[in-house]
Amino acid sequence: MMNVVSLTAIEGTDPELIHALVEADLPTEDLLDADRHFFRATEPGGQTVGFAGVERCQGSRLLRSVVVLPAYRGSGLGRALVESTLNTLGKDGDVFLATTSAASFFKRAGFVEVSRDMVPAPVLATRQLSSICPSSATIMRLDRPPI
């Protein structure tokens, strides 16, 4: 059976989002900057299972702040969360992300590693890639159009 999550738009100030990101050791410094959209993911019973965000970078997007709450990790809900988030994007433009610890997970979700010189300038100029994430972070691009 395929896992399904529902997304609800939330603000970057949502305390549960901030708590989940801090607990997962993910950045929170730029949650209030412009062009960021965040989502709460719930399972069919209504329980919150995780969060995700998207940052618009002119024609491209940066998938960010993807976190599955500890009680739900390993259940396939992370993949459902990523797919549902990608579904909010439409089919135009590339989707990138930066990770220091989840490259294998995102590879299974359809992302491929790319070098920084293959990343558009507006994505590189985000706070995530220009100052928050370490230069050793793996940069990935979705290797298919969003669904």
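Residues numbered from 1 in each chain as written. Predicted model: local features only at pLDDT ≥ 70, side-chain atom pairs only at ≥ 80, totals over all residues. Heavy atoms only, no water.

Asker: How should I be thinking about the environment of R73 in this particular structure?
Answerer: Topologically, R73 is positioned in the loop between β4 (60-68) and α2 (77-87). Residue class for R73 comes out partly exposed when judged on its relative accessible area of 47%. Sequence-wise, R73 and D117 are 44 residues apart; in three dimensions their C-alpha atoms are separated by 33 Å. Not counting residues up to four positions away in its chain, the partners in contact with R73 are A24, V67 and V68. (Helix = DSSP H or I, 4+ residues; strand = E, 2+ residues; numbered from the N terminus. Buried < 20%, exposed > 50% of the residue type's maximum accessible area, 1.4 Å probe, protein only. Contact = heavy atoms within 4.5 Å.)

Asker: Can you walk me through the packing of aromatic side chains in this structure?
Answerer: The relative placement of two aromatic rings is captured by the distance of their centres and the angle of their planes. Enumeration according to the criterion identifies two aromatic pairs in this entry. Between F105 and F106 the ring centres are 5.0 Å apart and the planes differ by 75°, which places this aromatic pair in the edge-to-face class. F105 gets classed as partly exposed once you look at its relative accessible area, which sits at 24%. Taking relative accessible area as the criterion, F106 reaches 8% and is therefore assigned buried. Between F106 and F111, the aromatic rings sit 5.8 Å apart at their centres with planes inclined by 85°, giving edge-to-face as the arrangement. Look at F111 and you get buried, because its relative accessible area is 1%. An aromatic cluster of at least three residues, connected via ring pairs, comprises F105, F106 and F111. (Phe/Tyr/Trp six-rings, centres within 6.5 Å; stacked < 30°, edge-to-face > 60°.)

Asker: Any chance you could explain the sheet that holds strand β3 (residues 48-57) here in plain terms?
Answerer: By way of backbone hydrogen bonds, the strands of a sheet pair with one another, either parallel or antiparallel. Taken together, the seven strands give an open sheet; going across it, the order is β1-β2-β3-β4-β5-β7-β6, and neighbouring strands pair in mixed fashion. Since the sheet does not close on itself, it has two edges, and those belong to β1 (6-10) and β6 (111-113), each with one partner. On average, each strand axis in the sheet is tilted by 30° relative to the strand beside it, whichever way the strands run. Here strand β5 (residues 95-99) pairs with strand β7 (residues 138-142) via four bridges, running antiparallel. By the bridge assignment, T99 is partnered in β7 with T138. Sitting on the sheet, helix α1 (residues 15-23) touches β1, β2 (36-42), β3 and β4, and the angle it makes with β3 is about 90°. (Pairing = 2+ DSSP bridges. Axes fitted to C-alpha atoms, helices over the stretch in contact; angles between N-to-C directions.)

Asker: Sorry, what's going on with the pattern of salt bridges here?
Answerer: It is possible for side chains bearing opposite charge to pair when their charged atoms get close. The final tally for this structure, using the stated rule, is 10 salt bridges. Among the ionic pairs, D14 bridges to R40, the shortest N-O distance being 2.6 Å. Taken as a pair, D14 in the loop between β1 and α1 and R40 in strand β2 lie far apart in primary sequence, 26 residues in all. A residue is classified by how much of its surface remains accessible, and D14, at 14% relative accessible area, is buried. Overall, R40 belongs to the buried group, its relative accessible area being 14%. Residue D33 is joined to R36 by a salt bridge in which the shortest nitrogen-to-oxygen separation is 3.5 Å. According to the relative accessible area criterion, D33 is partly exposed, its value standing at 27%. Shared partners join several salt bridges into a network, and the residues in it are D30, D33, R36, E55, R64 and R127. (Salt bridge = Lys/Arg side-chain N within 4 Å of Asp/Glu carboxyl O.)

Read these as layout, nothing more, since geometry by itself doesn't imply function.
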